[in-house]
Amino acid sequence: MIPASFDYESPKTLNEAITLLASREDAKLLAGGHSLLPAMKLRLASPALLIDLGRIGGLDYIRDSGETISIGALATHAAVAASRLLLASSPLLAQAACNIGDIQVRNRGTIGGSLAQAHPSADYPAAILALDANIVATSQSGERVIPAHSFFTGMFTTALRPDEIITEIRVPKTAGSGTVYKKFHHPASGYAVVGVAAVVRGATGKIDDVAIGITGVAEVAYRATAVEDALRGKPASAIAEAAKHAADKVEALGDNYASGDYRRHLAQVYTRRALQEALSSKRK
Amino acid sequence: MANEERPTTTGFSVIGKRTAMVDAAEKTTGAGKYTDDLSVPGMLVGKILHSPYPHARIKRIDASKAQALEGVSAVVTGEDAPVTYGILPIGHDEHALAVDKVRYVGDNVACVAAETEAIAEQALELIDVEYELLPAWFDPEQSMKAEAEFIHEGRPHNIEKEYHHVFGDPEKGFAESDYVHEARYIANEVTHAAMEPHSTLASFELDPHTGKLGRLTVWSSTQVPYYLQHKLSLVLEMPMAQIRVIKPLVGGGFGGKSEVIPLEIIAAIAARAAKRPVKITYTREEVFWAHRGRPRTIVDLKTGVKKDGRIVAVRARVVQDGGAYCSYGPVTILYSGALLGAIYDIPNVGYDGYRVLTNKPACGAMRGHGTVNVRFAFESQLDEICAALKLDPKEVRQKNFLKPPCITVNNLRVLSYGLPDCVQKVAAASRWKERRGKLGRGRGLGMGCSHYVSGAANSIIRSDMPHSTVNIKVDRDGGVVVYTGASEIGQGSDTMTAQVAAEVLGCALSRVRVVAADTDLTPIDIGSYSSRVTMMAGNATLRAAEEIRKQIASAAARKMNCAPEDLVFREDKVLNNNLGARALSPAKEHRNAAEILETTDAPRGPSVSGRVEGQILRGSLQQKRKEEGPKDWMTFEEAVVAAIDFHGALTGTGSYAPSLDARGGKFKGAGVGPSPAYSYSAQVAEVSVDEETGEVTVHKVWAAHDCGRALNPVSVEGQIIGSVWMGLGQALQEEMVWKDGMLMNPGLLEYRSPSSVESPEIEPFIVESIDPEGPFGAKECSEGSLAATIPAIANAIYDAVGIRLREAPFTPERVLAALRAQKNAKKLNLTEGVDPTSPARFREHGGALWFRGKGPQRHPRDPAITGQQGSAGGDD
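Here the structure is a predicted model, which means the values were calculated and not measured.

1. Focus on the overall build of chain A
And then number 1: A tally of helices and strands in chain A yields twelve helices and 14 strands.
And then number 2: Since a compact globule built from 284 residues should have a radius of gyration of about 19 Å, the 19 Å found for chain A is in line with a globular shape.
And then number 3: With the C-alpha coordinates of chain A rotated into their principal frame, the extents come out at 60 × 45 × 30 Å.
And then number 4: Expressed as a percentage of its 284 residues, the buried residues of chain A come to 54%.
And then number 5: Split by element, the accessible area of chain A, about 11800 Å² in all, is 51% carbon and sulfur.
And then number 6: One way to put it: in chain A the 30 positive side-chain charges average out to a point 7 Å from where the 27 negative ones average out.

2. Quick word on the pattern of salt bridges
Two side chains that carry opposite charge are able to pair once their charged atoms sit near each other.
Residue and element names in this part refer to chain B.
And then number 1: Across all of its chains, the model carries 69 salt bridges over all chains by this definition.
And then number 2: Across the salt bridge formed by Arg 296 and Asp 139, the nearest N and O atoms sit 4.0 Å from each other. Placement of Arg 296 in strand E13 (residues 296-305) and of Asp 139 in the loop between strand E6 (128-133) and helix H4 (140-143) is noted, with a sequence separation of 157 residues between them. Across this residue pair, the class does not change: Arg 296 and Asp 139 are buried.
And then number 3: Two residues, Arg 292 and Glu 259, come together in a salt bridge whose shortest N-O distance is 3.1 Å. One end of the pair, Arg 292, is in the loop between helix H8 (284-290) and E13; the other, Glu 259, is in the loop between strand E11 (243-246) and helix H7 (262-274), with 33 residues separating them in the sequence.

3. Notes on the pairing of strand E23 (residues 573-576) of chain B
Residue and element names in this part refer to chain B.
And then number 1: Residues of E23 alternate between two faces, with Lys 573 and Leu 575 on one and Val 574 and Asn 576 on the opposite face, all of them buried.
And then number 2: Strand direction decides the pairing type here: strand E22 (residues 567-570) and E23, joined by four bridges, are antiparallel. For Leu 567, the partnering residue across the bridge sits in E23 and is Asn 576.
And then number 3: Hairpin geometry of E22 and E23 is characterised by an intervening segment of two residues between the two adjacent antiparallel strands and by a positive phi of about 50 degrees at Glu 571.
And then number 4: When E23 meets strand E24 (residues 633-635), the two strands line up antiparallel, connected through three bridges. Within E24, the residue paired with Val 574 across the bridge is Met 634.

4. Comments concerning the packing of aromatic side chains
And then number 1: For the structure shown, the criterion picks out 16 aromatic pairs over all chains.
And then number 2: Ring geometry for Phe 184 of chain A versus Tyr 262 of chain A: centroids 6.2 Å apart, planes at 85 degrees, classification edge-to-face. Taken together, the positions of Phe 184 of chain A in strand E11 (residues 177-185) and Tyr 262 of chain A in helix H12 (residues 260-283) put the pair 78 residues apart, joining distant regions of the chain.
And then number 3: Looking at Tyr 262 of chain A, the relative accessible area reads 1%, which means it is buried.
And then number 4: Ring centres 5.0 Å apart and planes at 75 degrees place the aromatic pair Tyr 53 of chain B and Tyr 131 of chain B in the edge-to-face group.

5. With respect to the interface of chain A and chain B
And then number 1: Opposite the 27 residues of chain A that make contact, chain B presents 32 residues.
And then number 2: Here chain A meets chain B over a buried area of about 2400 Å², counting both sides, of which 55% is carbon and sulfur.
And then number 3: Connecting chain A to chain B are three salt bridges.
And then number 4: For Glu 692 of chain B, the salt bridge identified is with Arg 272 of chain A, shortest N-O distance 2.4 Å.

6. Comments concerning the packing of helix H15 (residues 533-560) of chain B against helix H19 (residues 636-647) of chain B
All names here are of chain B.
And then number 1: Axis separation between H15 and H19 bottoms out at 8 Å; the angle between their running directions is 95 degrees. Classified by the angle their axes make, H15 and H19 are roughly perpendicular. Contacts from Gln 551, Ile 552, Ser 554, Ala 555, Ala 556, Arg 558 and Lys 559 in H15 reach Phe 636, Ala 639, Val 640, Ala 642, Ala 643, Phe 646 and His 647 in H19.
And then number 2: In terms of residue class, the contact of H15 with H19 is built from nine nonpolar, three polar and two charged.

7. Let's talk about the packing of helix H6 (residues 225-236) of chain B against H7 of chain B
Residues and elements named next belong to chain B.
And then number 1: The interhelical angle for the contact between H6 and H7, taken along N-to-C directions, is 45 degrees, at an axis separation of 10 Å. Classified by the interaxial angle, the pair formed by H6 and H7 is oblique. In this structure, the crossing between H6 and H7 has a hand that is right-handed. Residues Leu 228, Lys 231, Leu 232, Val 235 and Leu 236 of H6 form the contact with H7, whose own contacting residues are Glu 264, Ile 265, Ala 268, Ile 269 and Arg 272.
And then number 2: Class assignment for the residues of the contact of H6 with H7 results in seven nonpolar, no polar and three charged.

8. With respect to the nonpolar core
Residues and elements named next belong to chain B.
And then number 1: Counting residues in each nonpolar core, the largest one holds 115 residues, and the members touching the most others are Leu 419, Ile 793, Ile 797 and Phe 810.
And then number 2: In contact with Leu 419, not counting residues within four places along its chain, are Ile 343, Tyr 344, Phe 401, Cys 449, Tyr 680, Ser 681 and Ala 682.
And then number 3: In this structure, Val 500, Ala 544, Val 574 and Val 640 belong to the second largest nonpolar core, which totals 50 residues.

9. A word on the side chain of Asp 383 of chain B
Residue and element names in this part refer to chain B.
And then number 1: Tracing the chain through its elements places Asp 383 in helix H10 (residues 372-389).
And then number 2: Asp 383 sits in the buried class, given a relative accessible area of 6%.
And then number 3: Not counting residues up to four positions away in its chain, the partners in contact with Asp 383 are Pro 393, Asn 795, Tyr 798 and Arg 804.

10. Some points on the domain arrangement of chain A
And then number 1: Parsing chain A into structural domains produces domain 1 (7-52), domain 2 (62-172) and domain 3 (177-283).
And then number 2: Centre-to-centre separation of domain 1 of chain A and domain 3 of chain A, based on C-alpha positions: 35 Å.

11. Details of the pairing of E13 of chain B
All names here are of chain B.
And then number 1: Burial runs high along E13: eight of the ten residues are buried.
And then number 2: Relative to E13, strand E8 (residues 179-187) runs antiparallel, the two sharing nine bridges. Directly across from Ala 183, in E13, lies its bridge partner Leu 301.
And then number 3: Hairpin geometry of E13 and strand E14 (residues 311-321) is characterised by an intervening segment of five residues between the two adjacent antiparallel strands and by a positive phi of about 95 degrees at Gly 309.

12. Focus on the environment of Ser 150 of chain A
And then number 1: Within the fold, Ser 150 of chain A resides in helix H9 (residues 148-151).
And then number 2: Residue Ser 150 of chain A is classed as partly exposed on the basis of its relative accessible area, which comes to 31%.

13. So, the environment of Ile 62 of chain A
Residues and elements named next belong to chain A.
And then number 1: Its location among the elements puts Ile 62 in strand E4 (residues 62-65).
And then number 2: For Ile 62, a relative accessible area of 22% corresponds to the partly exposed category.
And then number 3: Taking the C-alpha atoms as reference points, Ile 62 and Lys 173, 111 residues apart in sequence, are found 13 Å from one another.

14. Some thoughts on unusual backbone geometry
Trans peptide bonds make up the majority, and among non-glycine residues the majority have a negative phi.
Residue and element names in this part refer to chain B.
And then number 1: Between Pro 404 and the following residue, Pro 405, the backbone shows a cis peptide bond with an omega angle of 0 degrees.
And then number 2: Its location among the elements puts Pro 405 in the loop between helix H11 (393-399) and strand E16 (406-407).
And then number 3: Pro 809 follows Ala 808 through a cis peptide bond whose omega is 0 degrees.
And then number 4: At Ala 342, a position not held by glycine, the phi torsion is positive, near 70 degrees.
And then number 5: Within the secondary structure, Ala 342 is located in the loop between helix H9 (329-338) and strand E15 (348-356).
And then number 6: Residue classification places Ala 342 among the buried positions, given a relative accessible area of 0%.
And then number 7: One non-glycine residue, Asp 740, adopts positive backbone phi at about 50 degrees.
And then number 8: Of note, Asp 740 is situated in the loop between strand E28 (738-739) and strand E29 (742-743).
And then number 9: Overall, Asp 740 belongs to the buried group, its relative accessible area being 15%.

15. Side note on the domain arrangement of chain B
Residue and element names in this part refer to chain B.
And then number 1: According to the domain assignment, chain B contains domain 1 (2-32 + 465-656), domain 2 (35-134 + 197-250 + 257-290) and domain 3 (156-191 + 292-459 + 663-822).
And then number 2: On the side of domain 3, 36 residues touch domain 1, which itself brings 33 residues to the contact.
And then number 3: For the pair domain 1 and domain 3, the summed buried surface comes to about 2500 Å²; carbon and sulfur atoms form 57% of the total.
And then number 4: Seen at the junction of domain 1 and domain 3, the total is one salt bridge.
And then number 5: The closest approach of N and O atoms between Arg 18 and Glu 717, which form a salt bridge, is 2.7 Å.

16. Describing the side chain of His 119 of chain A
Residue and element names in this part refer to chain A.
And then number 1: Turning to its location among the elements, His 119 is positioned in the loop between helix H7 (111-117) and helix H8 (124-130).
And then number 2: For His 119, a relative accessible area of 12% puts it in the buried group.
And then number 3: Polar contacts involving the side chain of His 119 include one to the main-chain amide nitrogen of Ser 121, which spans 2.9 Å.
And then number 4: Those residues in contact with His 119 that lie beyond four places of it in its chain are Phe 156 and Tyr 191.

Cut-offs used in this document
- Residues numbered from 1 in each chain as written.
- Chains lettered and ligands numbered in written order.
- Predicted model: local features only at pLDDT ≥ 70, side-chain atom pairs only at ≥ 80, totals over all residues.
- Heavy atoms only, no water.
- Helix = DSSP H or I, 4+ residues; strand = E, 2+ residues; numbered from the N terminus.
- Rg over C-alpha atoms; globule rule 2.2 N^0.38 Å.
- Buried < 20%, exposed > 50% of the residue type's maximum accessible area, 1.4 Å probe, protein only.
- Areas by Shrake-Rupley, 256 points an atom, 1.4 Å probe, with all protein chains shown as cover.
- Lys, Arg positive; Asp, Glu negative; His and termini not counted.
- Charge placed at Lys NZ, Arg CZ, Asp CG, Glu CD.
- Salt bridge = Lys/Arg side-chain N within 4 Å of Asp/Glu carboxyl O.
- Pairing = 2+ DSSP bridges.
- Phe/Tyr/Trp six-rings, centres within 6.5 Å; stacked < 30°, edge-to-face > 60°.
- Contact = heavy atoms within 4.5 Å.
- Buried area = accessible area lost by both parts, 1.4 Å probe.
- Axes fitted to C-alpha atoms, helices over the stretch in contact; angles between N-to-C directions.
- Parallel < 35°, antiparallel > 145°, perpendicular 65-115°, else oblique.
- Nonpolar A, V, L, I, M, F, W, Y, C, P; charged D, E, K, R; others polar.
- Left-handed = near helix turned anticlockwise from the far one by under 90°.
- Core = buried A, V, L, I, M, F, W, Y, C linked by side-chain atoms within 4.5 Å.
- Domains from an automatic or database assignment.
- Polar contact = N/O pair within 3.5 Å; in protein donor to acceptor, adjacent residues only side chain to side chain.

Here is the structure:
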């Protein structure tokens, strides 16, 4: 339970951090530390340099940018969960954030750190996908905007380049839509055995548009496009049938707690429930 | 708040009151010291090398590179202490460090003592061990069929112990029954998961001139300091008198610290080799390997009843997967049979118990030792019988109550029996009659009952000595010090001790200090397990305090010109009962005196000049009372001074041995089960079942427990609630999962015990049956409630959705599988071994994809590879 020895830097500015990251191949970024530090203690990760982003000021904002809301990468899960701005105009991310881990994890963990970690059972990816959010990565060559659908590339892997740092997440406002995040918690770890994020736009029982992000089932969170296609322009009564396609063409993971088949089944049930709830929450 | 209307214990000053634990402040402020908080000069860190193989012969250990590493003081192996030991005299099959073979993944091979933890870990990697792999056994029913390569010599077919008991005539009973029900129940393996990981600090005295080692002091997280002292003496080959064991604060035991755990001896061996103190604290993973938890248990149960539900005969065949060492195994398997009795009136009982060895960490004692899994089976089967015969499960239990005082068919003596009250209370509170079966599909109520011993009437050390002895010393300023060997492990042992002493002496609780569990200072007590402390150490304390009271009374009587038997000890005073109609009632002068004491005396804390102040105070009080009239009372402190002036130092000793008629029968295995008294519990659980996902939500548990008398009601309620939580964990989510003998969930991120966060509402009810042998009528309250929770939930699930779950825990997958089987719906391909409707029942399967490691190698002749003995999947 003792990590291998490593160098430690705590840059005060983003530029310093970017420069440091570019200067060393074996460096890792430290934000909330909830995934990296346990991995280091178990010696699953042994970075030679830790770049602690915690001293960089001004990266934990959540602000209104017109069409979108911009969230600094160092905003904690607790801040995201409690943001009045998000709750008023784009609540899905906050709904997901309040389901993460426990109070301590939410107070320490950051949205940028969680997205970069890309844990297959993390909560944010489902919401980020369903929202078609954009992730801003910064390196010495400047900013790059990565759309959610091309950000998560595999288990613990993302489209980030080694020299890039996530600096901002931009989520669209969802006024006029119902949003819901439904989660089946692992009883011990609190990770999502299955997490379904749904954004539903529609009126009086008819669905105009729908987006569904699902985490926990496969190696990487995904959009349930088969369900979405089956529901656009359809009445609410189509939900039950459409939700059965929630895990189509997905290779589901199994573990000690839940088999792949069971996860697939849960994805269907939770997708249906999320959609029905999103639609009814919208009507309110 | 529960129990507002509970009749309060009357006539007592200290007991029966809701009393904060005497160690609450140090624990909640963080001032208290647990073993890992301790440090002594020159202390080294010990780290243990564990076996990566489930069963292998050690061909060679080369520790030279580790030894040469800078900062390493000593590397020890089995050669350093080859004597075997074990908690039971009949089960000395463990080496602190493996000598010839390793028998489970995690078995102890070597220990490094180094300046820092990092160096010690680095050194472990330098130890080269050559193993020869042996076939390994993981499933008890397969292991029992083994013909060769046994795990221990002298244990053919890997059977540690088997017992076959017949009481009455079960076969005749079944023939006379109107209805016979038979089924197999499985409870999977669970562990204690105490918050504090095991920790031991061992330090030898060193002669500065000769360098020779002297006495050994061991601080350890233990429930059994005296057993530890004894086993250290055995393995280190030193006299017990040369060994002092001290138990600092312990952060939970639940049975996981109720026997000698390898690190406790390894630390001493390493300290001896290094000639420096060594501390070892287990990582959480090592705690899981040390284990000693509740074995996976297969119960084949058959019950015959009359049409009205009256039980005629019971037969049980129980197989326990005991892991690689004996541990408490024979006791566990005997409890499983013995405690079929002493709860209901069953005239005919047959029992076949098999404790089987497998290549996994040893199972041992865990809260509700031996009875929990069989109780799950029994109470579930009773519910199944009620469903078949359309009877009310509550009424059927009532029809089968014992009629104490009685001796059961298997020779267990039952004097106090609060089960009827318990059942009544939870049935009324849950509105059982109006609500069971009427909550609509998806929601239901279930009932379960249980019982437990208040200590074993026959100690495992097979000795006639009293099971507990307590000394009390009273200082001149009225401070009372109780010396007890009983181990406070969070259950309230020290508080109970202080309360009993204060009640008998009629003094303020704050006068009493408890010095506990230090083998140099405290008289022998065999430890905190089998819920024995209140009954045994409580009785010993009571007797020691009575002896002190006698001494004080004889001196005080002289001073007051009355007979000692006229004196009453109450409210920090000694009162002449003949003159004291007014003294016992809240007479005015009496109250005035109490007020004076409250405001001027200092019994609440030590005072540097306490003696001088006391003398001044005594003087002024005596002056005051001379003016007030006849001497009909003294303060406790005055009386103590009088007694010390008269007798010299005040000391008293009390001991307790269970009465002879509580010690059970004479047949083989009769020693386990008898107890001076049994506690009783009844519970009703209300659950709902999500039929789409299989999730079970427990909404409320009503739990009534007969603890004889509640010495500290808040503590009793805490124990009831804690037991229900632990039962909830085993019922719904806790399960150790294995792959090739490797534990797949050895951490609290994968293995979850419920905590207050996920607790349903639990309403505890205290039932007081006032046991004739218990101190003030008290009996056990820390374990008995657990066993009722699991069947109460199983039965509630049945009431909710009509499925019978015969395998615990009732995980969402298992519940869903049963629901699909009920509806003949398409089966899902669930986690291997989880689906209770699939024939392969043994859960031994691949781990999480993202935790997929290499795993240990298997021997080519391993039955799991060759398939000769069937796969590890079993084939019932």
